[in-house]
Amino acid sequence: IDTRFRSAGSYRAPYHMENSDAAILRFPFPFPEDHYMYSMNIEPHVKAGAVDSLRRTFDVDEHYVVECREKARILSEDPGRCIVLPHMRAAEWDFVELAMGSLSEDYPDLFHLSRDGTRWRWINRPLNIDQHFVFGDAGTLPYAPFEFMARQMQGDFTLQDQRDNDLWMDGGMVTSQADWSLKFDLGMSFGQWHAPVPKAGEMGIFDRGLRFLLMLQHGRPVRRLNWTMTVNPRLDTSPENFTIWGRDRAGVTGDNARDLVHLRVELQALFRLPRSNAILFAVRCYLLPLRDIALVHKWRIRLHRVLRDLDPALSAYKGLDLYRAHAVHYLARFDNNEPTSKGI
Ligand code: HEM
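Criteria and cut-off values
Residues numbered from 1 in each chain as written. Predicted model: local features only at pLDDT ≥ 70, side-chain atom pairs only at ≥ 80, totals over all residues. Heavy atoms only, no water. Core = buried A, V, L, I, M, F, W, Y, C linked by side-chain atoms within 4.5 Å. Buried < 20%, exposed > 50% of the residue type's maximum accessible area, 1.4 Å probe, protein only. Contact = heavy atoms within 4.5 Å. Salt bridge = Lys/Arg side-chain N within 4 Å of Asp/Glu carboxyl O. Donors = N, O, S within 2.8 Å, 3.2 Å for Na, K, Ca; no water. Helix = DSSP H or I, 4+ residues; strand = E, 2+ residues; numbered from the N terminus. Phe/Tyr/Trp six-rings, centres within 6.5 Å; stacked < 30°, edge-to-face > 60°. Lys NZ or Arg CZ within 6 Å of the ring centre and 35° of its normal.

Moving on to the nonpolar core. Counting residues in each nonpolar core, the largest one holds 56 residues, and the members touching the most others are Phe 27, Trp 227, Met 229, Leu 263, Leu 303 and Leu 307. Residues within four places of Phe 27 in sequence aside, it is in contact with Val 51, Ser 53, Leu 263, Val 265, Tyr 286, Leu 287, Leu 288, Ile 293 and Trp 299. In terms of nonpolar packing, the next biggest core, distinct from the first, is built from 40 residues, Phe 5, Cys 82, Val 84 and Phe 271 among them.

Okay, here's the thing in structure tokens:
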């Protein structure tokens, strides 16, 4: 294994996950202001941004190998975490091309793609994969094309078909989600899968978001950050496994909040796919315990204010009610009430 990757770590009990100083500094802290409310926070997904994690099409970091291993384990326990409906075959190949093309371009020392017409060769050095296959011929790959590639990437991916002026979640691989389920959402429309979210509908965010995405152009991806909190460094906070992780939220105390409570940030990128006209939704999850957030002056002050003043409907929806007060109490010691400058 390349020394840049951690070889050990555990995203399930007994938990063991650490971030290097470099990983902490590239954390996509999601709050440009001291107060948080839903907004149309969509920007072009260009290879630029305040932190390094925003500067690649698909971010690969020190947790890559361990995360791919955890994903494989979840899929072996529950193969239903990856489902693609039959009419999404063209989108699967679109995804393979986008993923292999951008990973090999962004990380030439880790990934390599060579093409000779439809005869392709994919090399993934960190995961020790060297695969010859025929582009468009699923029989030449060990898994279906979307599954083959999504297993080699951190984060979750869903494929949205576009019909009748709406988007339909007609496929995906979802193993590191904040309490929603692909099995449940499969086949739903944009409005249907967003139905549990409070406030944003009334604010017009979903209407505008959908209209925007229906016009999304190939080659002009966009991104947004979303966030929640997770107790323990657990990627798989799925409804399927709620009985395993749900009760952890009651175990947070004033003393352990700094280690147990994690800020969970999702870097969501959206791509129009060229052959299928489908939309790829990519969700990359970053977890940082409060003790690491507290290393950065502006972050610890800002997170304190955001959590302290969070709208009760958002706190309930994000599942924070059982322990938010402990997190606020821990962070309060760092907040001297000084004003903060805008931006991240
Ligand atoms: C939440 C999927 C685009 C805003 C969610 C949830 C899912 C989801 C599965 C969780 C709902 C639940 O609780 O069951 C998607 C997909 C998208 C997309 C597949 C694109 C194809 C957008 C866009 C916006 C948006 C464009 C805003 C401009 C939100 C918000 C939440 C949410 C505000 C609540 C998040 C929270 O408070 O943690 N989305 N979404 N989504 N989505 Fe989306």
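Picking up after the structure, the text goes on.
With that settled, the discussion passes to the pattern of salt bridges. A full pass over the atoms with the stated rule returns 36 salt bridges. In this structure, the salt-bridge partner of Asp 259 is Arg 258, at a minimum N-O distance of 3.3 Å. Residue class for Arg 258 comes out partly exposed when judged on its relative accessible area of 34%. A salt bridge links Asp 292 to Arg 291; the nearest nitrogen and oxygen atoms lie 4.0 Å apart. The class of Asp 292 is buried, set by a relative accessible area of 9%. Since its relative accessible area comes to 26%, Arg 291 is described here as partly exposed. Several salt bridges share partner residues, and in doing so they unite Arg 26, Asp 52, Arg 55, Arg 56, Asp 59, Asp 61 and Arg 284 into one network.

On to the coordination of the iron atom of the ligand, then. The protein gives the iron atom of the ligand a lone donor atom, His 194 (NE2), placed 2.0 Å from the metal. Tracing the backbone shows His 194 in the loop between α6 (190-193) and α7 (205-214).

Right, let's get into unusual backbone geometry. That bond from Ala 13 to Pro 14 is cis: its omega, -5 degrees, falls within 30 degrees of zero. Among the secondary structure elements, Pro 14 is positioned in the segment before α1 (21-25).

Let us now look at the packing of aromatic side chains. Centre distance and the angle of the planes are the two values used to describe a pair of aromatic rings. Evaluated as defined, the whole model comprises 23 aromatic pairs. Ring plane angle 65 degrees and centroid distance 5.4 Å describe the contact between Phe 190 and Trp 193, whose orientation is recorded as edge-to-face. In this pair, Phe 190 and Trp 193 are both assigned in helix α6, 3 residues apart and thus about one turn of the helix distant. A single burial state applies to Phe 190 and to Trp 193, both of which are buried. Ring centres of Tyr 330 and Phe 334 lie 5.5 Å apart, and the angle between their planes is 85 degrees; on these two criteria the pair is classed as edge-to-face. An aromatic cluster of three or more residues is present, and its members are Phe 27, Phe 29, Phe 31, Tyr 36, Tyr 38, Trp 227 and Trp 299. Across from the ring centre of Tyr 286, 4.4 Å away, lies the NZ or CZ of Arg 284, which sits over that ring.

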